[in-house]
Amino acid sequence: MADKLLIVMVNTDPANPSELGAPFFQATVAAAMEYEVEVILTARAGELAKTGVAEKLFVQEGSEKSVYDFIKDAHEAGVSFKVCTPTLDLWGNDLIPEIEETVGGAYVISEAMDDDTVTFTY
């Protein structure tokens, strides 16, 4: 049985904030279940790594909890956040403090191909 969950957020568009709750919530739950969990933000979803972006987004209209609050909850539960190198070219280097590492495509592929890892993409 796999002991690591890799969540790759590549197709999720911050312009549709209702899509953003599930990946962060599932990451938090998996970390609480004591799985190793990594969330990699890339492409359009990589914009969430930029300071100030996720703080202005809300999964549900009228909610007091921002997408950034979901990210902080996941990080506090033990989720490791990474951003892909090309994302920095798109959105810049002013990253939220929860981003622990910048990784490239080879890292994502090697982790996804590991037998001990289950990969979800959003």
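Further up the page is the structure itself.
Quantities reported herein were computed from a predicted structural model and do not represent experimental measurements.

**Quick notes on the packing of helix H1 (residues 21–32) against helix H2 (residues 67–77)**
Argument step 1. It is the contact of H1 with H2, at a shortest axis distance of 8 Å, that shows an interaxial angle of 15 degrees. On the basis of the axis angle, H1 is roughly parallel to H2. Seen from above, H1 lies across H2 with left-handed handedness. Contacts between H1 and H2 involve Gly21, Phe24, Thr28 and Ala31 from the first element and Val67, Phe70, Ile71, Asp73, Ala74 and Ala77 from the second.
Argument step 2. For the contact of H1 with H2, the class distribution of residues is 7 nonpolar, 2 polar and 1 charged.

**Some remarks on the side chain of serine 66**
Argument step 1. Here serine 66 lies in the loop between strand S2 (36–41) and H2.
Argument step 2. Look at serine 66 and you get buried, because its relative accessible area is 5%.
Argument step 3. Ignoring sequence-local partners within four residues, the contact set of serine 66 consists of Ala54, Glu55, Leu57 and Phe58.

**Examining the side chain of threonine 42**
Argument step 1. Positionally, threonine 42 belongs in the loop between S2 and H2.
Argument step 2. Owing to a relative accessible area of 14%, threonine 42 belongs among the buried residues under this scheme.
Argument step 3. Beyond its immediate sequence surroundings of up to four residues, threonine 42 is in contact with Val8, Met9, Val10, Cys84 and Thr87.

**With respect to the nonpolar core**
Soluble globular proteins tend to pack their nonpolar side chains together in the buried interior.
Argument step 1. Within the largest apolar cluster, 28 residues are counted, with the highest numbers of intra-cluster contacts made by Met9, Phe24, Val39 and Leu48.
Argument step 2. Within the residue set of this core, elements represented by two or more residues are strand S1 (4–9), H1, S2, H2 and strand S3 (80–84).
Argument step 3. Considering every element that reaches this core, the biggest residue donor is H2, with 5 residues.
Argument step 4. For phenylalanine 24, the residues in contact, after removing those within four places along its chain, are Met9, Val39, Leu41, Leu48, Val67, Phe70, Ile71, Ala74 and Phe81.
Argument step 5. Formed by 6 residues, the second largest nonpolar core is a distinct cluster that contains Leu6, Val8, Ile40 and Cys84.

Analysis parameters
Residues numbered from 1 in each chain as written. Predicted model: local features only at pLDDT ≥ 70, side-chain atom pairs only at ≥ 80, totals over all residues. Heavy atoms only, no water. Axes fitted to C-alpha atoms, helices over the stretch in contact; angles between N-to-C directions. Helix = DSSP H or I, 4+ residues; strand = E, 2+ residues; numbered from the N terminus. Parallel < 35°, antiparallel > 145°, perpendicular 65-115°, else oblique. Left-handed = near helix turned anticlockwise from the far one by under 90°. Contact = heavy atoms within 4.5 Å. Nonpolar A, V, L, I, M, F, W, Y, C, P; charged D, E, K, R; others polar. Buried < 20%, exposed > 50% of the residue type's maximum accessible area, 1.4 Å probe, protein only. Core = buried A, V, L, I, M, F, W, Y, C linked by side-chain atoms within 4.5 Å.

All we've got here are geometric facts, nothing functional implied.
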